[in-house]
Amino acid sequence: MEKSDFLDELRLKVGLAFDYANNHEDFLKKVVQTLYSLVGHQCMITVYEPSFDTGLKKRYVLGNIEQSGKTDFPGEGFLSVCGIPSSLVFKKDGIQTIAAPVISSGKVEYVLVFTVSEESYSLSRQDYVFVDELVRFIGAKHEVLRGKK
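Anyway, here's the lowdown on the structure attached to this text. Just so it is clear, the model here is predicted, and its values are computed rather than measured.

Another point: the sheet that holds strand β4 (residues 95–104). Overall, antiparallel pairing links the five strands, which are arranged β2-β1-β5-β4-β3 in an open sheet. Strands at the two margins of the open sheet, each flanked by one partner only, are β2 (55–62) and β3 (88–92). Here the strands of the sheet are splayed against their neighbours by 25° on average, with no regard to which way each runs. As defined by bridge partners, β4 adjoins strand β5 (residues 107–117) across 10 bridges and the pair is classed as antiparallel. Each bridged residue has a counterpart across the sheet, and for V102 the counterpart in β5 is Y110. Across the sheet, helix α4 (residues 125–146) is in contact with β3, β4 and β5; its angle to β4 comes to roughly 30°.

A few words on the packing of aromatic side chains. Applying the stated rule across the entire model yields three aromatic pairs. Ring geometry for F18 and F137: centres 6.3 Å apart, planes at 75°, overall edge-to-face. Linking F18 in helix α1 (residues 3–20) with F137 in helix α4, this pair joins segments that are 119 residues apart in sequence. According to the relative accessible area criterion, F18 is buried, its value standing at 18%. On the accessibility criterion, F137 (25% relative accessible area) is partly exposed. On the basis of an interplanar angle of 70° and a centroid distance of 6.0 Å, the ring pair of F27 and F137 is categorised as edge-to-face. Separated by 110 residues along the polypeptide, F27 in helix α2 (residues 24–39) and F137 in helix α4 bring together distant segments of the chain. Judged by its relative accessible area of 1%, F27 falls in the buried class.

What counts as what
- Residues numbered from 1 in each chain as written.
- Predicted model: local features only at pLDDT ≥ 70, side-chain atom pairs only at ≥ 80, totals over all residues.
- Heavy atoms only, no water.
- Pairing = 2+ DSSP bridges.
- Helix = DSSP H or I, 4+ residues; strand = E, 2+ residues; numbered from the N terminus.
- Axes fitted to C-alpha atoms, helices over the stretch in contact; angles between N-to-C directions.
- Contact = heavy atoms within 4.5 Å.
- Phe/Tyr/Trp six-rings, centres within 6.5 Å; stacked < 30°, edge-to-face > 60°.
- Buried < 20%, exposed > 50% of the residue type's maximum accessible area, 1.4 Å probe, protein only.

This is the structure:
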């Protein structure tokens, strides 16, 4: 399957996650589980939530990428300090990481982190565009679903 076709399939499945979500928490879980089920077990997906006392705290972790025993991503401290509304890409020791903040109502609600080894998958501009679209979609729908219980 071509990469563009694969990313289109991911877009469709993430859209369905919104259609079936009961609330914003359920939506986030469905999105992360959908992505993980489709990308296979070559990627690790971590969802962080801003915390006043610890910077970023882990909310969900799916998958496992060997990172010399380290579970945090490069630049985590930088993101938690400045809270920039833009994705960051890191490459270190054969591991590629995209950290993308989900913005809703002008504040960082979550930071989605995708980690994959260069050996199993090479990230490209298409992937970066997809992740930016994904976090904008999650942010927009987060506000819509926030009122549902």
